[in-house]
Amino acid sequence: AGNGFPELVLLPGGSCQMGSKRESNEQPVHTVRIASFAMGKYPVTQAQWKKVMGNNPSYFSKGGDQCPVEQVSWDDAQVFIQKLNQQTGHTYRLPSEAEWEYACRAGSTSQWCFGDDESQLKHYAWYDNNSGGKTHPVGEKKANAFGLHDMHGNVWEWCEDKWHGDYQGAPSDGRAWVVGGWSSERVLRGGSWYYIASRTRAARRLNSAFDYRDYDYFGFRLARTAP
């Protein structure tokens, strides 16, 4: 997994209920309609980062090239994407937050892509209970119904969107929400090896400054608009 250029999965268009009633920043629950788009099968790996950027910022570099790249900021991800697009002639980008949740849910309405039974999470995610305090090679856990791996756990994944404290006024068409909000903060999704199970829920959100790269659990995966 993840040696050469990122492997993408073409997702069907559709709709999902975005958000949950658990946290105020996950409300109001609202319908988003998503056009077909392609999503990285895995988070971007250290091998892929090194191939494009010529360096490896990851704290867990000894874990091997197939571990997700981490200690990268939102800004760093954008530089990687710009270089990758120049090298490939493609138009990779970060997913919008709505696209990310749609991709993670893969048709499910539960807390996780597989349901609400936390005891099953270990089959799908690296999180604090089973990670041993580190990242793991991508694709070792079960995929969701769309064929995407590591959407729960391993590393938090940057989205394109600016941070908003809730979904009042959020776009419903899958676009990244880049108007208003906190100008210096961007959205991350999915939880990580370091976080407890509830932080890996499909609806769970995190925010951080766009230039902050000092966390060994911040990574990203790529998306592309369908032709």
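Treat the numbers as computed from the prediction; the structure is a model and nothing was measured.

Cut-offs and rules
Residues numbered from 1 in each chain as written. Predicted model: local features only at pLDDT ≥ 70, side-chain atom pairs only at ≥ 80, totals over all residues. Heavy atoms only, no water. Helix = DSSP H or I, 4+ residues; strand = E, 2+ residues; numbered from the N terminus. Contact = heavy atoms within 4.5 Å. Pairing = 2+ DSSP bridges. Axes fitted to C-alpha atoms, helices over the stretch in contact; angles between N-to-C directions. Core = buried A, V, L, I, M, F, W, Y, C linked by side-chain atoms within 4.5 Å. Buried < 20%, exposed > 50% of the residue type's maximum accessible area, 1.4 Å probe, protein only.

### Focus: the environment of Leu94
Okay, step 1: Position of Leu94 relative to the elements: it lies in the loop between strand S5 (92–93) and helix H3 (97–105).
Okay, step 2: As for Leu94 and Val69, which are separated by 25 residues in sequence, their C-alpha atoms are 15 Å apart.
Okay, step 3: If sequence neighbours within four positions are ignored, Leu94 has contacts with Trp74, Ala77, Gln78, Ile81, Trp158, Cys159, Glu160, Phe220, Arg221 and Ala223.

### Quick word on the sheet that holds strand S4 (residues 37–40)
Okay, step 1: Strand order in the open sheet formed by four strands is S1-S4-S10-S5, with antiparallel pairing between adjacent strands. Looking at which strands have only one partner, the edges of the open sheet turn out to be strand S1 (8–11) and S5.
Okay, step 2: Where S5 meets strand S10 (residues 223–225), two bridges bridge the pair, whose relative direction is antiparallel. Bridge pairing in S10 links Arg93 to Ala223.
Okay, step 3: Each of S1, S4 and S5 is contacted by H3, which is oriented at about 75° to S4, the strand it contacts most.

### Points about the nonpolar core
Okay, step 1: Leu11, Phe37, Met39, Ala103, Leu148 and Met151 are the most contacted members of the largest nonpolar core, which has 25 residues in total.
Okay, step 2: When contributions to this core are tallied by element, the ones reaching two or more residues are S1, strand S2 (14–18), strand S3 (30–34), S4, H3 and strand S6 (156–163).
Okay, step 3: If we skip the residues at most four places from it in the chain, Phe37 touches Val9, Leu10, Leu11, Arg93, Glu99, Tyr102, Ala103, Ala223, Arg224 and Ala226.
Okay, step 4: In terms of nonpolar packing, the next biggest core, distinct from the first, is built from 24 residues, Met53, Val72, Trp74 and Tyr195 among them.

### With respect to the pairing of strand S7 (residues 182–189)
Okay, step 1: Relative to S7, S6 is paired through four bridges, and the arrangement is antiparallel. Of the residues in S7, the one forming a bridge with Lys162 is Arg186.
Okay, step 2: For S7 and strand S8 (residues 205–209), the ladder comprises five bridges, and the chain directions are antiparallel. Opposite Glu185, over in S8, you have Ala209 as the bridge partner.

### Focus on the side chain of Arg204
Okay, step 1: With respect to the helices and strands, the residue Arg204 is situated in the loop between S7 and S8.
Okay, step 2: Look at Arg204 and you get buried, because its relative accessible area is 15%.
Okay, step 3: Beyond its immediate chain neighbours, meaning those up to four positions away, Arg204 contacts Glu23, Glu26, Trp156, Leu188, Arg189, Gly190, Ser198 and Arg199.

These values are about where atoms sit, not about what they do.
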